[in-house]
Amino acid sequence: MSTMLKYQEKELKIVGTRPLRPDGVDKVTGRARFGADYNLPGQLIGKVLRSPHAHARIKAIDTSAARVLPGVKAVVTRDDFAEMPDEYAAVGEMMINFRDVTRNMMAREKALYDGHPVAAVAATSESVAREALALIKVEYEVLPHVIDVVEAMQPGAPLLHEDQYTLGVKPKPDHPSNVAKRLEFGRGDVVAGFKEADLIVEREFNTKPVHQGYIEPQACLASYSEDGQAELWTSTQGHFVFRAQCAKVLQMDVSKIRVTPTEIGGGFGGKNNIYNEALAIALSRKSHRPVKMVMTREEVFRATGPTSGANVKVRIGCTRDGKITAAEAELNFQAGAFPGSPVAQASMCAFTRYDLANVRVVGNDVTVNRPKVAAYRAPGAPIAVFGVESVIDEMAKKLGIDPIEFRLKNAAREGTQTYYGPKLGPIGYVQTLEQARAHPHYSAPLGPNQGRGIATGFWFNIGNETTCSLNLQEDGSLTLVLGTVDVAGGSRAAMAMMVAEELGIDYESVSAIVGDTSTLGFNFLTAGSRSTFASGMACVIASRQVIEKLRQRAAKIREVPLEAVAWKDGHARPAGGDVAQFAPMSLAEIAKMAGKTGGAIAGHAEINAQGAGPGFGVHIVDVEVDRQTGSISILRYTVVQDVGKAIHPAYVEGQLQGGAVQGIGWALNEEYVYGDDGVLQNPGFLDYRVPVASDVPFIDTVIVEVPNPNHPYGVRGCGEVPIIAPMAAIANAVENAIGLRLCEQPLSPPRVLKAIDDAAAAKG
Amino acid sequence: MALNHVSATVNGDRVEFLCETGHTLLEALRDELRLTGTKEGCGTGDCGACSVIVDGRLLCSCLMLAVEAEGKSIQTIEGMATGESLHPLQRKFIEHAALQCGICTPGILIAARSLLERNQNPTESEVRYWLAGNLCRCTGYHKIVEAVLDAAREMRGG
Amino acid sequence: MRYEAPKTLEEAIALLSGANGQARVLAGGTDLLIQMRSGRADPGLLVDIKAIPEMKSIVADAGSYRIGAAVTCMELIENEAFAQGWPGIVDGVSLIGSIQVKGRATIGGNLCNASPAADSVPALIAAGAVVCIVGPQGRREALVEEFVSGPGKTSLANGELVASFLLPRRAPHSGDAYLRFTPRTEMDIAVVGAAVNLTLDDKGICSRARVSLGAVAARALLVPEAAAALIGTRVDEAALERLAAAASAACRPIDDKRGTKDFRIKVAGVMARRAAGIATERARRRN
């Protein structure tokens, strides 16, 4: 069967409604089991010893005292893990190199960040494990470190990897560099384009690293058997990818590791990579007992991947009527200890909302002494868009053109050629802009020190390898086994809804679960806003297979030709016209006779979903600035986004609201604070400030539906677009309120107050 | 090391457990009593995922020692439903899609119930400020606040 | 590590004195447990004082109050009579963390933890509160502003603990207020805190005032120059300007992950001003 099912407009009974989700009761009663809620008899507690230095050569590790402490059953260091070759694999929308995966999991030659794992132990209790860590002696040769991305790019900066020469530069440089890779995207002729411009605006922006902030720390439980098989329960966005990574670094066959994804307490891209999993399996292998490893919140901040801090330069030129003639950007992104920041994705998202003939984007991926960067919801895009949408806003203001009007003049539409390759198919950018403009929020009155800003976002969304299996039970109910982890809790419902819609039965008859790695073929991570699109596609394919078999069985039972049988409203019915008539059969009746008519009925799909539809969104925000303290309050917030089709509108609204509030936190208060020693100073929720309930208002949402022609229900991914626009929207609103353009994230009160005071001093 | 013996009441049931002096109530609930509905999000009282009620008082179980539970009456998420009936807050959370990943949900339900027991008709602002000690990263709080206000309405008989 | 829960002050004193500096008082535990978790505190003995009646009571006596050091923030906030008399102290206490933290944190603990940013302290200083200390040598009293000497340091000798706080009777037309600056609306440590306590005479002129600032020096400050700016005035715009300037001038802040020196100096003036405005409103409304 084709992996591309085209969109078909039809009357819908279940898709688009709001039934209750299947896992809801377990989650509101505390019954649902997350990573740290799993236990096995005889389990040991595993803990990690971490480097206190931002950059140091590891001369020696002495674990002798730890190994003999009563209660300690296993200790591992770099000596227990094999050297890995240079080999790339996809993880979400980003790539990893296994040579770096093993080093990030356990340092080899050097400790490259405060928090870098250096050794791990498994012991009979948490207190014994902590005591054991204190007994491990590590000899470090402390080296100078570098964290700021601009500093790291300078010649003479402390070097993380002596053998790293910038890729993408010809001829190959003769000095190693912290710039791991330089890339460039573009089309047309920006020099000529700028010559045609009546107005050119150029600005530089700086952002700090921020963390995904999932409330559940990483947790896993591993049990290794003497026959070489391992079981792993872990909180992950992708159990098949975790299996692959563990198998590789542990040099085990993929089929020998069975990974069960637990309920996950938030990921947002941060749980796309292994941290403790392979360590837990290795400790279990050595100790011959199950090993449970749960990170503390401090470890999550010190050692798991946040997103990049960055330096962004944007230059845009346009005519006096507001038509953009040229656009340029330089994006310098922190990759952390190993290469692989989302600078490529950021480069591709920077300008794609606009139909531009002349574009040039240069990106630099820069290693610095911080944890290896991981994906964070639309990786890289919020940072690039902070810059671009701020400059667009400035240009619109200088020309006296309404900000939405300016964007409409230049908007990408169906058929627009992007500057990184493909042409855009049917998209809803113009519709979202028009609906935003028509929304009452856009024209509501503002008071003193209040301002309004808008900004827009785009994300490609992805498809990728997806599998599922749909089994018809003997009583007519169905079990749907999914391979995509249900990270936000709405997936199981949405998939069950699509199956019920296809089969014409009640939603409650379909029971959706996420299967472990032994139940299905390879499934990519839940990332890239792909779940409803790709897993939905797979479920529809599997449903249609089941329908085919139901028709065949009905034809057999009723003794009519197959062409005479149609499937409608959950029944096999005469196809109409000249064909043979027969008494209809319900799904349950056919199911009851499945054994006698050939065996159990099932459908399945193994696809690499193509044709994901890009998503666009427009955010409107009102702020009030306290001029005496620099404090910014969010008064009102509206999100307008094209999602293609909202299978379950309540969960789509939830994605829009959740992403917007993460973006608000990113804009106002979140940042990693490092001391001069390169040690993280705020590894906790007290001083790493995510929004609390009293910080934000209700977030109004407008769902726009421009169907994606490549999905049977028109679905586009929706989860990532909502985090892209808030930073720029808020910066634009602040400019509207107090006439000052802020280019440093976070827009924290000391920065805002300084800008206000500097401006007043300049005047006076 | 000598362990401490603690007797307490949890969700109406008499319980006994052993613990180290340094163990928190959260650790005792999860590891000794296997009541894993209460979660650890931070261990420092900044996220509220470990919220429980002790002798009628809403608090973070990560900031109370297990030994202090001696003789006390503790309520956790596992005791919020009565038999087969979910508490109105639990029902409203599901109806309003006020949870996504669900990790913060037990803590928020316990905190919200504590609010509604003191204030049957809270304003939106009062709900937000009362729940400021419970972090949620998925929902943006919107549907949570709606669900709490709707549950309050139902509980008032409206 | 041992845990004891004495039922009397004498027992508590004996346990503390006998522990050779290895004991810590356990009240709400909202600071101590975090310090133990991070390794900053490693006591051999925990003395839980929550079973001692004198530490848990709120006693009103002809307008003055004696508040046990182990009274929790929530208990104080829920005491309507106290909240009426000292809304500024309740302002500060209400800001010590979330509802969950306030359900355990105590004013004794907030003071003895001696963070320069402690939210209850500036209003207690502005109120002229007195700490009642008990120990092996008997009882003694100290003004709150003299009790803390620096971050994490108090004047408690070995074996001593804070038993209660004394608040004097309120004169008519008195009001107090505490405001702080934080980046979020809740859940943050104060970047700057300002408390103002004042009394107006029958003509509406400020006859007495005390101003205290938190988070702008090694300990909370009593700022007589700021109070002087208000005394003898109607707390008009000019007086408030002078108050703000005096408050800013008194700051000796640091740069840290929560705020810069310059920011704290500026905002101290703003917060002091706004707190004075609220205190004056409250004083005008009170007989």
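Residues numbered from 1 in each chain as written. Chains lettered and ligands numbered in written order. Predicted model: local features only at pLDDT ≥ 70, side-chain atom pairs only at ≥ 80, totals over all residues.

### With respect to the overall build of chain C
Step number 1: Along chain C, the regular secondary structure elements total 13 helices and 14 strands.
Step number 2: Since a compact globule built from 287 residues should have a radius of gyration of about 19 Å, the 19 Å found for chain C is in line with a globular shape.
Step number 3: With respect to the principal axes defined by its C-alpha atoms, chain C has extents near 60 × 45 × 35 Å.
Step number 4: Across chain C, every contact between residues at least 6 apart in sequence was considered, and the portion connecting residues at least 24 apart equals 65%. (Helix = DSSP H or I, 4+ residues; strand = E, 2+ residues; numbered from the N terminus. Rg over C-alpha atoms; globule rule 2.2 N^0.38 Å. Contact = placed C-beta atoms within 7 Å.)

### A few points about the overall build of chain A
Step number 1: When helices and strands are counted, chain A shows 20 helices and 28 strands.
Step number 2: Computed over the C-alpha atoms, the radius of gyration of chain A is 27 Å, within 12% of the 27 Å expected from 2.2 N^0.38 for a compact globule of 764 residues.
Step number 3: When its C-alpha atoms are laid out on the principal axes, chain A stretches across 90 × 75 × 55 Å.
Step number 4: Counting all 764 residues of chain A, 60% fall into the buried class. (Buried ≥ 20, exposed ≤ 12 C-beta atoms within 10 Å, placed from the backbone.)

### Remarks on the nonpolar core
Step number 1: Counting residues in each nonpolar core, the largest one holds 415 residues, and the members touching the most others are Leu-480 of chain A together with Val-196, Ala-247 and Ala-272 of chain C.
Step number 2: Sort the elements by how many residues they give to this core and helix H16 (residues 531–558) of chain A lands first, with 11 residues.
Step number 3: Not counting chain neighbours up to four residues away, the residues in contact with Ala-272 of chain C comprise Ala-194, Val-196, Val-211, Leu-213, Ala-226, Leu-243, Ala-244 and Ala-247 of chain C. (Core = buried A, V, L, I, M, F, W, Y, C linked by C-beta atoms within 7 Å.)

### A look at the interface of chain A and chain B
Step number 1: Counting residues at the interface gives 45 residues for chain A and 42 residues for chain B.
Step number 2: Take the side of chain A that touches chain B: its biggest share by element is 8 residues, from helix H18 (residues 649–668) of chain A.
Step number 3: Each residue belonging to the side of chain A that touches chain B can be placed in one class, and the counts come to 23 nonpolar, 16 polar and 6 charged. (Nonpolar A, V, L, I, M, F, W, Y, C, P; charged D, E, K, R; others polar.)

### Digging into the sheet that holds strand E4 (residues 57–60) of chain B
Residue and element names in this part refer to chain B.
Step number 1: Spatially, 5 strands are ordered E2-E1-E5-E3-E4 in an open sheet, and the strand pairing comes out mixed. Edge positions in the sheet fall to strand E2 (13–19) and E4, since each has one partner strand and no second. Ignoring which end each strand starts from, the neighbouring axes of this sheet average 40° apart. (Pairing = 2+ DSSP bridges. Axes fitted to C-alpha atoms, helices over the stretch in contact; angles between N-to-C directions.)

### Brief notes about the sheet that holds strand E10 (residues 161–167) of chain C
All names here are of chain C.
Step number 1: Ordered by their spatial adjacency, 5 strands build an open sheet running E4-E5-E10-E6-E7, and the pairing between neighbours is antiparallel. Every other strand in the sheet has two partners, leaving strand E4 (58–61) and strand E7 (138–143) as the edge strands with one partner each. The mean inter-strand angle of the sheet, taken between neighbouring strand axes irrespective of direction, is 20°.
Step number 2: Looking at chain direction, E4 and strand E5 (residues 64–68) are connected through 4 bridges and run antiparallel. Residue pairing for E5: Ala-60 is matched across the bridge by Tyr-65.

### Re the interface of chain B and chain C
Step number 1: Chain B puts 24 residues into the contact, and the matching count from chain C is 19 residues.
Step number 2: Within the residue set of the side of chain B that touches chain C, elements represented by two or more residues are E4 and helix H4 (124–130) of chain B.
Step number 3: Examining the composition of the side of chain B that touches chain C, we find that 4 residues originate from one element, E4 of chain B, more than from any other.
Step number 4: Here the residues of the side of chain B that touches chain C sort into 11 nonpolar, 10 polar and 3 charged.

### Points about the domain arrangement of chain A
Residues and elements named next belong to chain A.
Step number 1: Domain boundaries assigned for chain A yield domain 1 (24–32 + 463–609) and domain 2 (417–457 + 613–763).
Step number 2: Measuring from the centre of the C-alpha atoms in domain 1 to the corresponding centre in domain 2 gives 38 Å.
Step number 3: Taken together, the contacts link 14 residues of domain 1 with 15 residues of domain 2.
Step number 4: Mapped by element, the contributors of at least two residues to the side of domain 1 that touches domain 2 are helix H15 (491–503) and H16.
Step number 5: In terms of residues, the side of domain 1 that touches domain 2 owes the most to one element, H16, which gives 5 residues. (Domains from an automatic or database assignment.)

### Some points on the domain arrangement of chain C
For interface size, the figure often reported is the accessible area lost on association.
Residue and element names in this part refer to chain C.
Step number 1: Per the domain assignment, the segments making up chain C are domain 1 (2–34 + 55–167) and domain 2 (174–285).
Step number 2: A separation of 23 Å is found between the C-alpha centroids of domain 1 and domain 2.
Step number 3: With 25 residues of domain 1 in contact, the opposing surface of domain 2 contributes 25 residues.
Step number 4: Looking at the side of domain 1 that touches domain 2, the elements with two or more residues in it are helix H6 (87–94), helix H9 (121–127) and strand E8 (148–150).
Step number 5: Here the side of domain 1 that touches domain 2 takes 6 residues from H9, the largest share from any one element.
Step number 6: Considered class by class, the residues forming the side of domain 1 that touches domain 2 number 15 nonpolar, 7 polar and 3 charged.

### With respect to helix H13 (residues 429–438) of chain A
Step number 1: Within the sequence span of H13 of chain A, burial applies to Tyr-429, Thr-432, Leu-433 and Ala-436 of chain A. Down the axis, H13 of chain A shows its buried residues gathered within 100° of arc, on one side only. (Arc of directions from axis to C-beta.)

### Considerations on helix H2 (residues 88–95) of chain B
Step number 1: Listing the buried residues of H2 of chain B in full gives Leu-89, Gln-90, Arg-91, Lys-92 and Phe-93 of chain B.
Step number 2: Elements in contact with the buried residues of H2 of chain B: helix H1 (24–29) of chain A together with helix H3 (105–118) and helix H5 (142–155) of chain B.
Step number 3: The first or second residue beyond H2 of chain B is Ala-97 of chain B, which carries a positive phi of 55°.

### What about the packing of H2 of chain B against H5 of chain B?
All names here are of chain B.
Step number 1: For the pair H2 and H5, the least separation of the axes is 9 Å and the interaxial angle reads 135°. Put simply, H2 runs oblique to H5. As for how H2 packs across H5, the hand of that crossing is right-handed. Contacts from Pro-88, Leu-89, Lys-92 and Phe-93 in H2 reach Ala-147, Val-148, Asp-150, Ala-151, Glu-154 and Met-155 in H5.
Step number 2: When its residues are assigned to classes, the contact of H2 with H5 shows 7 nonpolar, no polar and 3 charged. (Parallel < 35°, antiparallel > 145°, perpendicular 65-115°, else oblique. Left-handed = near helix turned anticlockwise from the far one by under 90°.)

### Quick look at the environment of Arg-551 of chain A
Residues and elements named next belong to chain A.
Step number 1: Within the secondary structure layout, Arg-551 lies in helix H16.
Step number 2: Overall, Arg-551 belongs to the partly exposed group, with 19 C-beta atoms counted inside 10 Å.
Step number 3: The sequence separation of Arg-551 and Ser-287 amounts to 264 residues, and the corresponding C-alpha distance is 55 Å.
Step number 4: Beyond its immediate sequence surroundings of up to four residues, Arg-551 is in contact with Leu-562, Val-565, Trp-567 and Ala-572.

### Some words on the environment of Pro-122 of chain C
Residue and element names in this part refer to chain C.
Step number 1: Following the sequence through the fold, Pro-122 ends up in helix H9.
Step number 2: Looking at Pro-122, the number of C-beta atoms within 10 Å reads 39, which means it is buried.
Step number 3: Along the backbone, Pro-122 and Asn-197 are 75 residues apart, and their C-alpha atoms lie at a distance of 9.9 Å.
Step number 4: Here Pro-122 is in contact with Gly-92, Tyr-178, Gly-193, Ala-194, Ala-195, Ser-212, Leu-213, Gly-214 and Ala-220, once residues within four sequence places are set aside.

### Here we look at the environment of Ala-123 of chain C
Step number 1: You can see Ala-123 of chain C is positioned in helix H9.
Step number 2: As for Ala-123 of chain C and Gly-193 of chain C, which are separated by 70 residues in sequence, their C-alpha atoms are 9.3 Å apart.

### Structural notes on unusual backbone geometry
Residues and elements named next belong to chain A.
Step number 1: Omega for the peptide link from Lys-170 to Pro-171 comes to -5°, which places this bond in the cis form.
Step number 2: Looking at the secondary structure, you find Pro-171 in the loop between helix H5 (149–153) and strand E9 (179–187).
Step number 3: A cis geometry characterises the amide bond from Gln-745 onward to Pro-746, with omega recorded as -5°.
Step number 4: Its identity as a non-glycine residue notwithstanding, Asn-449 has a phi of 60°, on the positive side.

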